[in-house]
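# Commentary on secondary and tertiary structure
Each chain, written out:
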Amino acid sequence: METLSTNRAHGGTQGVYRHVSTETGTGMTFSVFVPDHAEGQALPVVWYLSGLTCTHANVTEKGEFRAHCAKHGLIFVAPDTSPRGEGVADDPEGAYDFGLGAGFYVDATEAPFAANYRMRAYIEEELPALIAAEFPADMSRQGIMGHSMGGHGALTIGLRNAGRFRAVSAFAPIVSPLNCPWGEKALTGYIGADRAAWRAYDACALIEDGARVPDLLVDQGDADGFVENQLKPELLVQTCEAAGQPLTLRMQEGYDHSYYFISTFMGDHLDWHAARLKAG
């Protein structure tokens with residue numbers, strides 16, 4: 001693991017790191033904030049998965065999470081959204097919603113993407129092992145959150161690994177890739193035409209198929225231009241109500257899809273995670 005930068009902030013250390021991933025076959029960059037702590041103390045971990053076009057840098061620079069993480073003693077990990085580098089397949093037309101920056105947190109099975117696009121295994125297996133080895137992380141106390149495509153990632157990874165994550169939340173998530181243009185394009189390209197195979201990457205489908213977590217917290221801006229055609233939070237509400245899955249959906253008046261929205265409610269989410277990541 002290579003350290004690219006470290007900075008003091010809010011009584012902790014914000015670092016940016018790089019390593020060569022065996023899952024993606026590429027170099028991967030991620031950021032980690034570690035609050036000051038007693039020697040030998042292990043801290044809970046909150047994962048943040050970013051959205052389309054983003055890297056680790058978007059939330060690191062705009063998320064306004066460090067003061068809240070320092071208050072609660074939370075390590076905050078922000079991975080990239082896809083593999084990058086020479087030879088990594090991209091959308092042939094350079095679209096923003098597929099290819100580089102749009103890995104959708106899946107393990108691709110379709111050529112040419114299967115060679116590198118293994119973000120599910122990277123986030124679920126490889127990067128957690130690295131965090132456990134290199135940082136003072138208590139991996140028995142983990143939470144996960146994300147935004148948009150990353151909200152989809154947080155919900156699906158949380159639901160598939162319910163025993164690992166004590167808290168799961170999202171900002172403006174894509175709740176059902178099976179039922180929106182972004183998801184249909186991405187899953188067709190990465191997974192293929194068999195829609196049954198998509199269900200492992202759809203939060204609503206996972207809940208319908210029996211996956212559960214203790215509860216979910218979702219914030220959605222009502223001025224978000226993607227809410228009707230892409231995000232469709234009402235589908236998550238309907239699915240959770242039918243399945244008895246606890247969900248708190250907060251529609252935030254006047255807020256859009258940007259980091260102005262995310263940073264406004266980041267503290268609420270970290271307070272919510274911290275309450276569920278206490279010792280014991």
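We now turn to the structure provided with this report. (Residues numbered from 1 in each chain as written. Predicted model: local features only at pLDDT ≥ 70, side-chain atom pairs only at ≥ 80, totals over all residues. Heavy atoms only, no water.)

### Here's the deal with the pairing of strand β4 (residues 43-49)
- With 7 of its 7 residues buried, β4 lies for the most part within the structure.
- The sheet contact formed by β4 and strand β6 (residues 137-147) spans 6 bridges and is parallel. Along β6, the bridge assignment pairs Val46 with Gly143.
- Note: β4 against strand β5 (residues 75-78), 3 bridges, orientation parallel. In the sheet register, Val45 faces β5, and the bridge partner there is Ile75. (Buried < 20%, exposed > 50% of the residue type's maximum accessible area, 1.4 Å probe, protein only. Helix = DSSP H or I, 4+ residues; strand = E, 2+ residues; numbered from the N terminus. Pairing = 2+ DSSP bridges.)

### Remarks on the pairing of strand β3 (residues 27-35)
- For β3, the buried fraction is high: 8 of the 9 residues fall into the buried class.
- In terms of strand pairing, strand β2 (residues 12-20) meets β3 through 9 bridges, oriented antiparallel. Within the sheet, the bridge partner assigned to Gly12 lies in β3 and is Pro35.
- Here β2 hands over to β3 after 6 residues, with Gly25 in that stretch at a positive phi of 70°.
- Inspection of the sheet shows β3 paired to β5 by 3 bridges, in the antiparallel sense. Note that in β5 the partner of Ser31 across the bridge is Ala78.

### Comments concerning the sheet that holds β4
- On the basis of which strands lie adjacent, the open sheet formed by 9 strands has the order β1-β2-β3-β5-β4-β6-β7-β8-β9 and mixed pairing. Of all the strands in the sheet, the pair left with one neighbour each is β1 (2-9) and β9 (247-252). Taken over all neighbouring pairs, the strand axes of this sheet differ in orientation by 20° on average, direction set aside.
- Note: β1 against β2, 7 bridges, orientation antiparallel. Its bridge partner being in β2, Ser5 is matched across the sheet by Val16.
- Here helix α4 (residues 149-160) sits on the sheet and contacts β4, β6, β7 (165-171) and β8 (216-221); the angle it forms with β6, its principal contact strand, is near 140°. (Axes fitted to C-alpha atoms, helices over the stretch in contact; angles between N-to-C directions. Contact = heavy atoms within 4.5 Å.)

### Quick look at the nonpolar core
- Core analysis: the largest hydrophobic core is formed by 82 residues, its most contacted members being Phe76, Tyr190 and Met266.
- Tallying contributions element by element places helix α9 (residues 259-276) first for this core, with 7 residues.
- Filtering out sequence-adjacent residues up to four positions away, Met266 remains in contact with Tyr48, Val59, Gly63, Glu64, Phe65, Phe76, Met145 and Phe171. (Core = buried A, V, L, I, M, F, W, Y, C linked by side-chain atoms within 4.5 Å.)

### Considerations on the environment of Asp36
- In this structure, Asp36 sits in the loop between β3 and β4.
- For Asp36, a relative accessible area of 48% translates into the label partly exposed.
- Setting aside residues no more than four positions away along its own chain, Asp36 makes contact with Arg8, Gly11 and Gly12.

### Overview of the packing of aromatic side chains
- If you walk through the whole model with that rule in mind, you get 15 aromatic pairs.
- With centroids separated by 5.2 Å and ring planes inclined at 75°, the aromatic side chains of Tyr17 and Phe135 adopt a geometry described as edge-to-face. Pair noted here: Tyr17 is in strand β2 and Phe135 is in the loop between α3 (119-134) and β6, with a separation of 118 residues, a long-range link. Like Phe135, Tyr17 is buried.
- Pairing Trp182 with Phe226 gives two aromatic rings, centres 4.8 Å apart and planes at 50°, and the pair type is tilted. Of this pair, Trp182 sits in helix α5 (residues 181-191) while Phe226 sits in the loop between β8 and α7 (227-231); the two residues are 44 residues apart in sequence, bridging distant segments of the chain.
- The buried category is assigned to Trp182, whose relative accessible area is 3%.
- Ring pairing ties together the aromatic residues Phe33, Tyr48, Phe65 and Phe76, which thus form one cluster.
- Over the ring of Phe65 we find Arg66, and its NZ or CZ is 4.7 Å from the ring centre. (Phe/Tyr/Trp six-rings, centres within 6.5 Å; stacked < 30°, edge-to-face > 60°. Lys NZ or Arg CZ within 6 Å of the ring centre and 35° of its normal.)

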